[in-house]
2 protein chains.
Amino acid sequence: MLFFNTDSFRKLPTDKQEKILQTAIIEFAEHGFDGANINVIAKKAGISVGSMYKYFKNKHDLYMMTVSISVNKLSTTLNEIISLKMDFLSTVEKIVRAIQFHSRENIYLTKLYNQMTTENNAEFVQRIVSQMEGVTAQLYAAFIAEAQKNEDARPNINPKYFAFFLDNLFILLQFSYTCEYYKERLKMFVGEDVFADDELLVEQLMKFVKGALYLKD
Amino acid sequence: MLFFNTDSFRKLPTDKQEKILQTAIIEFAEHGFDGANINVIAKKAGISVGSMYKYFKNKHDLYMMTVSISVNKLSTTLNEIISLKMDFLSTVEKIVRAIQFHSRENIYLTKLYNQMTTENNAEFVQRIVSQMEGVTAQLYAAFIAEAQKNEDARPNINPKYFAFFLDNLFILLQFSYTCEYYKERLKMFVGEDVFADDELLVEQLMKFVKGALYLKD
DNA sequence: GTGTGGTGAGTGAGTGCTCACTCGTTATCC
DNA sequence: GGATAACGAGTGAGCACTCACTCACCACAC
């Protein structure tokens, strides 16, 4: 974990820390960096503005902290699944289901993640990308290369590119379950009922992915 | 086209209109709605703040106008390709190439589009979604259903879902060529060279899509 | 052609509000 | 009682938006 906060924040009881961070995550997720209001966050978290600035150097540091938390949560969930070392298809299916579950449980983490993708600060972006995708990128590609060896995947495909396309599907699926715009878009594509039938989506996405990799049914 | 501007704006010479809009698009794309500064936009566009407020009711109306322009440009490009009525695979390939070209030509339109997806205003979002995806969603699905009839696509897939997955690939590809975060992520997945070898990406993505639909090579 | 008056697009200094951040004061703990 | 933590009114910079004013332009009278 990177340190954007101060000693005094780390000395706080955990529940107070979490209250502050959770409040900040919601505010930043809903309004973006510029739109969020520190005074409001402090009030909602039940602390004074003064304390806020004892705990964090400035608004941007608080923001970085929340983004880091959010990205950490997302990538941890993913890495847990991957470390189960199941076969590739089972892993993919597990990830899709995790996205469906996680999106409902942690709306704001995902919204914040989407907010963050609009950031133009190069250095910041780079740090977050490697935290988020550093592991998965390699793992997906390795998985696909492995499948090629076992002749479960077409030999003439580039694992790195296929890993990228696969992750694209995951990311947009996640947004489609959480962010207003993408939710509307999903409804427009397949109808209002999507959100009531998780199984159908899993089934269809699995077919799509299986086909893409040329795996036998 | 929806009207967010005033009569006096529409009476302006076209080049002046375009100067103002282009400047606004860049500012909003770079800084988001809250981060953008109307006074700066006016100065860069070479008009007074007073005039700005003669042309647009307020900041939000100017924003809506720019987003509308951007979405219009994107969807027009797409619809032009689709209306060529080529076979499905050729259409997909043409779209992928158009994304590669368009992303470089119109960085700010795409960045603005990404900004817009973080919007929480339900009514606004709905209007934009239908402007953007209203046509394509149906068309992709129809294309796939057609392919099923010709036995070029697997019979047991749901065209609507597959259309959705396909468009997901397109959207993220677009962002991956323009927005800082997604650009970094693409580099992380396949390496720095991607941006120098458009053909390789086209080739790999086509294989991915072909496989997904179960089309013969 | 010259003078007069009316028009409205364009201007930018000014206004008032919002909000990131500070600091003198007060509470709490040992 | 001294040290440390928490407080929140206060500050000032920034910015969305206004409004009193300018002036180029045209119409009409003589």
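Figured I'd write up the structure that's included with this text. Computed from a prediction, not measured in an experiment: that's the story for all the values here.

In the vicinity of DNA strand D, 17 residues are found, and the nearest of them are G50, S51 and Y55 of chain A together with I38 and K59 of chain B. Among the atoms of DNA strand D close to the protein, meaning within 4 Å, 67% are from sugar or phosphate groups. One nitrogen or oxygen atom from the main chain of S48 of chain A is found 3.1 Å from a phosphate oxygen belonging to DNA strand D. One of the side-chain N or O atoms of Y55 of chain A is found 2.9 Å from a phosphate oxygen in DNA strand D. Counting residues per element, the ones that place at least two in the surface near DNA strand D are helix 4 (49-55) of chain A together with helix 3 (38-45) and helix 4 (49-55) of chain B. Among the elements that take part in the surface near DNA strand D, helix 4 of chain A stands out by supplying four residues, more than any other. Residue classes in the surface near DNA strand D are distributed as eight nonpolar, six polar and three charged.

With respect to the element layout, S176 of chain A can be found in helix 9 (residues 159-176). The class of S176 of chain A is buried, set by a relative accessible area of 0%. The residues contacting S176 of chain A, other than those within four sequence positions of it, are Y182, K183, R185, L186 and F195 of chain A together with F164 of chain B.

Our focus in this paragraph is unusual backbone geometry. All names here are of chain A. Even without a glycine there, the phi angle at K85 is positive, about 55°. Summarising the element assignment, K85 is placed in the loop between helix 5 (59-82) and helix 6 (88-105). We classify K85 as exposed; its relative accessible area is 70%.

Turning to the protein's contact with DNA strand C, a few remarks are in order. Around DNA strand C sit 18 residues in total, of which I38, Y53 and K59 of chain A together with S51 and Y55 of chain B are the nearest. The protein-proximal atoms of DNA strand C, defined as those within 4 Å of the protein, are 61% sugar or phosphate. With respect to DNA strand C, the side chain of K16 of chain B contributes an N or O atom lying 3.4 Å from a phosphate oxygen. Here G50 of chain B contributes a backbone N or O atom positioned 3.4 Å from a base nitrogen of DNA strand C. Counting only elements with at least two residues in the surface near DNA strand C, the list comes to helix 3 (38-45) and helix 4 of chain A together with helix 4 of chain B. In terms of residue class, the surface near DNA strand C is made up of eight nonpolar, seven polar and three charged.

The rules behind these values
- Residues numbered from 1 in each chain as written.
- Chains lettered and ligands numbered in written order.
- Predicted model: local features only at pLDDT ≥ 70, side-chain atom pairs only at ≥ 80, totals over all residues.
- Heavy atoms only, no water.
- Near = heavy atom within 4 Å.
- Polar contact = N/O pair within 3.5 Å; in protein donor to acceptor, adjacent residues only side chain to side chain.
- Helix = DSSP H or I, 4+ residues; strand = E, 2+ residues; numbered from the N terminus.
- Nonpolar A, V, L, I, M, F, W, Y, C, P; charged D, E, K, R; others polar.
- Buried < 20%, exposed > 50% of the residue type's maximum accessible area, 1.4 Å probe, protein only.
- Contact = heavy atoms within 4.5 Å.

By themselves, these are just geometric observations and shouldn't be taken as functional.
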